[in-house]
Amino acid sequence: MPAPYRATDPVDFLVVGSGAAGGSVAKELSQAGFDVVVLEQGPYLTEKDFTHDELKFVFQNYLINDIRKQPQTYRTTAAETASRDLRMVYGRQVGGGTVHFNSNYWRFLELDFRERSLWGGIPGTGFSDWPITYSDLEPYYTKAEYDIGVSGLAGANPFEGPRSQPYPLPPMPVKSSGVLFERGARKLGLRPFPAPVAILSRDYRGRTACKHCGYCPRFGCEFASKSSALATVIRMAERTKRCEVRADSYVSRIETDSQGRVTGAAYFDARRKERFQKAKAVVVCANGAETPRLLLMSHSNRFPHGLANSSGLVGKYLMYDLGTLVSGLFEHPLNDHKSIDVTRVVFDYYAADRRRGFYGGGGIDCRFGSNPITHAILGVPPDLPQWGSEWKGLVGEYFTHTMSSLAHATSLPMESNRIDLDPVLKDAWGLPAMRVTYRRHPDDIANMKFLLARQREILEAAGARKVWDLGPDDLSYSVHLMGTCRMGADPAASVVDKYHRAHDVPNLFVVDGSSFVTSGRQQPTATIQALAYRAAAHMIESAKRGEV
Ligand SMILES: Cc1cc2nc3c(=O)[nH]c(=O)nc-3n(C[C@H](O)[C@H](O)[C@H](O)COP(=O)(O)OP(=O)(O)OC[C@H]3O[C@@H](n4cnc5c(N)ncnc54)[C@H](O)[C@@H]3O)c2cc1C
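Cut-offs applied
- Residues numbered from 1 in each chain as written.
- Predicted model: local features only at pLDDT ≥ 70, side-chain atom pairs only at ≥ 80, totals over all residues.
- Heavy atoms only, no water.
- Domains from an automatic or database assignment.
- Contact = heavy atoms within 4.5 Å.
- Buried area = accessible area lost by both parts, 1.4 Å probe.
- Salt bridge = Lys/Arg side-chain N within 4 Å of Asp/Glu carboxyl O.
- Polar contact = N/O pair within 3.5 Å; in protein donor to acceptor, adjacent residues only side chain to side chain.
- Helix = DSSP H or I, 4+ residues; strand = E, 2+ residues; numbered from the N terminus.
- Phe/Tyr/Trp six-rings, centres within 6.5 Å; stacked < 30°, edge-to-face > 60°.
- Buried < 20%, exposed > 50% of the residue type's maximum accessible area, 1.4 Å probe, protein only.
- Lys NZ or Arg CZ within 6 Å of the ring centre and 35° of its normal.
- Axes fitted to C-alpha atoms, helices over the stretch in contact; angles between N-to-C directions.
- Parallel < 35°, antiparallel > 145°, perpendicular 65-115°, else oblique.
- Left-handed = near helix turned anticlockwise from the far one by under 90°.
- Core = buried A, V, L, I, M, F, W, Y, C linked by side-chain atoms within 4.5 Å.
- Near = heavy atom within 4 Å.
- Areas by Shrake-Rupley, 256 points an atom, 1.4 Å probe, with all protein chains shown as cover.
- Nonpolar A, V, L, I, M, F, W, Y, C, P; charged D, E, K, R; others polar.

### A look at the domain arrangement of the protein
By domain assignment, the protein separates into domain 1 (1-151 + 217-321 + 415-438 + 478-548) and domain 2 (156-195 + 323-410 + 441-476). Distance from the C-alpha centre of domain 1 to the C-alpha centre of domain 2: 29 Å. In this assembly, 41 residues from domain 1 lie in contact with 44 residues from domain 2. For the pairing of domain 1 and domain 2, the buried interface totals around 3500 Å² over both sides, and the portion due to carbon and sulfur atoms is 57%. When the area that domain 1 buries against domain 2 is broken down by residue, the three leading residues are Trp-119, Ser-151 and Arg-521, summing to 22%. Applying the counting criterion to the domain 1 and domain 2 interface returns 1 salt bridge. Arg-163 is paired through a salt bridge with Glu-145; the nearest N and O atoms lie 3.2 Å apart. Across the contact surface, domain 1 and domain 2 share 16 residue pairs in polar contact (both at pLDDT 80 or more). Mapped by element, the contributors of at least two residues to the side of domain 1 that touches domain 2 are helix 2 (54-59), helix 3 (115-119) and helix 4 (134-148). Top element by residues in the side of domain 1 that touches domain 2 is helix 4. It accounts for 5 residues.

### So, the environment of Ala-82
Along the polypeptide, Ala-82 turns up in the loop between strand 3 (72-75) and strand 4 (83-84). Between the C-alpha atoms of Ala-82 and Asp-66, which are 16 residues apart in sequence, the distance is 19 Å. With sequence-adjacent residues up to four places away left out, Ala-82 is seen in contact with Thr-73, Tyr-74, Arg-75, Asp-422 and Arg-435.

### A closer look at the packing of aromatic side chains
How two aromatic rings sit relative to each other is set out by the distance from centre to centre and by the angle between their planes. With the rule as written, the count across this model stands at 22 aromatic pairs. Considering the side-chain rings of Phe-113 and Trp-130, the 5.0 Å spacing of their centres and the 70° angle between planes classify their relative orientation as edge-to-face. Placement of the pair is Phe-113 in the loop between strand 4 and helix 3 and Trp-130 in the loop between helix 3 and helix 4, with a sequence separation of 17 residues. Across the pair, Trp-130 and Phe-113 agree in class, each one buried. Here Tyr-398 and Trp-468 contribute two aromatic rings whose centre-to-centre distance is 5.6 Å and whose plane-to-plane angle is 70°, an arrangement assigned as edge-to-face. On the criterion of sequence distance, the pair formed by Tyr-398 in helix 9 (residues 388-401) and Trp-468 in strand 16 (residues 466-469) is long-range, its members being 70 residues apart. Residue Trp-468 is classed as buried on the basis of its relative accessible area, which comes to 11%. Put simply, the rings of Phe-57, Tyr-62, Tyr-215 and Phe-219 touch in pairs and so form one group of aromatic residues. Across from the ring centre of Tyr-74, 3.7 Å away, lies the NZ or CZ of Arg-87, which sits over that ring. A cation sits over an aromatic face here: Arg-272 above Trp-429, 4.5 Å from the ring centre.

### Comments concerning the packing of helix 1 (residues 20-31) against helix 11 (residues 525-544)
The N-to-C vectors of helix 1 and helix 11 enclose an angle of 30°; their axes lie 8 Å apart at closest approach. Our classification of the angle between helix 1 and helix 11 gives roughly parallel. Crossing of helix 1 over helix 11 shows right-handed handedness. Mapping the contact onto sequence places Ala-20, Ala-21, Ser-24, Val-25, Lys-27, Glu-28 and Leu-29 in helix 1 and Thr-525, Ile-528, Gln-529, Ala-532, Tyr-533, Ala-536, Met-539 and Ile-540 in helix 11.

### Some details on the nonpolar core
Ranked by size, the top nonpolar core spans 97 residues in total, and within it Leu-508 and Val-511 carry the most contacts. The element best represented in this core is helix 11, accounting for 9 residues. Each residue touching Leu-508, except ones within four places of it in the same chain, is listed here: Ile-254, Val-262, Val-282, Val-284, Leu-295, Leu-307, Ala-308, His-500, Arg-501 and Ala-502. Formed by 36 residues, the second largest nonpolar core is a distinct cluster that contains Leu-190, Leu-334, Phe-358 and Met-434.

### Some details on unusual backbone geometry
Positioned with a positive phi, Asn-61 is a non-glycine residue whose angle comes to about 50°. Looking at the element boundaries, Asn-61 is found in the loop between helix 2 and strand 3. Owing to a relative accessible area of 25%, Asn-61 belongs among the partly exposed residues under this scheme. Here the phi dihedral of Thr-484 falls at roughly 85°; this positive angle occurs in a residue that is not glycine. With respect to the helices and strands, Thr-484 occurs in the loop between strand 16 and strand 17 (508-510). Residue classification places Thr-484 among the buried residues on the basis of a relative accessible area of 0%.

### Some thoughts on the site of the ligand
The environment of the ligand is formed by 37 residues, the closest being Ala-21, Glu-40, Gly-97, Asn-104 and Thr-525. Here Ser-103 contributes a backbone N or O atom positioned 3.2 Å from an oxygen atom of the ligand. If the ligand stood free it would expose 990 Å²; the protein chains cover 96% of that surface. Breaking the shell around the ligand down by element, the ones donating at least two residues are helix 1, strand 7 (250-256), helix 7 (287-297) and helix 11. Within the shell around the ligand, the residues separate by chemical class into 13 nonpolar, 19 polar and 5 charged.

Here's what the structure looks like:
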């Protein structure tokens, strides 16, 4: 039965969300011969829609979820009343966040999957091992890297687990920030290496190499050189003629029958008309924030606390994006606004170390990451004039002479940190708004302070004339959405099994950052995509055996 499909004909798999996870699952399932419909709430944009209009893409959040239509509320503990705020940021179009992401594409290390065994328990947290290991996931990291096109240097990261294949593409050329960062890091005895990125350093499988325009973060790539789900797996899926990507389709609930099996999903189309797509199985890939919201909205008499939520853990153990930013001003021009965001990283502080006195660690990169208007607003250090002719002169100097370093830090899983449904606020479709409850563990804060000090050391060793940071206090929002439907063997302590099948519902799968048990050091997309390939392989085998 070729696409497009009729709503009344049950397709084999209905996928909710078309980002890194949904796109990869749809590609694998359709290539295996299954009929797939992908429901994506956002529009179907293509390369011709991607310009360098900074006002539109950065300040009007053209590619990001719009809180005027889908508001969120936030509080730090359950004792507070949550107030309106944007806390969970994600890409809302076909391709999801991969359309505008910075494209840092880090595999997790072997230790990331068994940190509880290595470190022991941490009071007040749900710190646990994953039910899978790095070697379970390795073939799927490789498959994803080759399918989408990832640039990097195998063996350069001294901490990386074994790989079955080198990267398909050589690393991107080093930028000024990378040269200086490498110099500073080496002076300190650290081992920097070329950053792996989901951007093409050379032409690859019909797509053209990066043109170094400097408009990656928050922008879509007009050359399709960014290896987004849109430019890669979505198109591969559509080429099978067995996958229909239905944009502007906002899923409001997943329906179940009297046996407790899912039957399909109700959604609003572009005209806000309610529709229903029948399916034999549903795969929820709506990301670490929207997936738990959708499961909670899908409550019924049989599942009164939300779908797949007999453990009560749907939405819980949210892990946040804990990054620390340090900037440095250099004597000579760097012009680091050109080309991709990040070209060098160090993992020397990645593993937790008891001598530090707390649990935690992080990867540290170097970057610039601002376009002209953003830089004019944020780029001059707070101790200098922010107004008038003196400020104008500083803007020019700092734009050309500055680089920054971002550390990507651990975020401990705590049951009290969660996504649930706001009891009062509704979105523009009349659905309950997302409520976010989050506060950091004391070890998270200690770790951020530790990493800030290491970042300062590197920039100083690199020769910065002035180094500044905004402290460990910026918790404004999270773009790396992890936890909330954790995977595990015990149905009482997890939401999905190690193949992403819901413990409570045999034909429901949940595949995205929500299944993460621990946060790694963020940059979750490579792992989300590897998990999606692994989950799809299992779905294909199970479906062929008639077990879905
Ligand atoms: C500015 C920014 C920079 C980033 N940079 C990096 C980086 O350098 N490296 C890295 O690893 N990660 C980065 N990320 C994170 C990265 O974008 C995500 O990890 C990745 O996109 C997650 O993939 P996903 O498939 O789980 O979810 P998403 O990509 O968020 O896809 C989920 C999709 O589901 C859709 N959806 C949600 N709810 C519904 C519903 N009810 N009905 C229908 N559709 C729905 C959404 O619109 C979305 O398109 C960045 C994120 C942001 C915002």
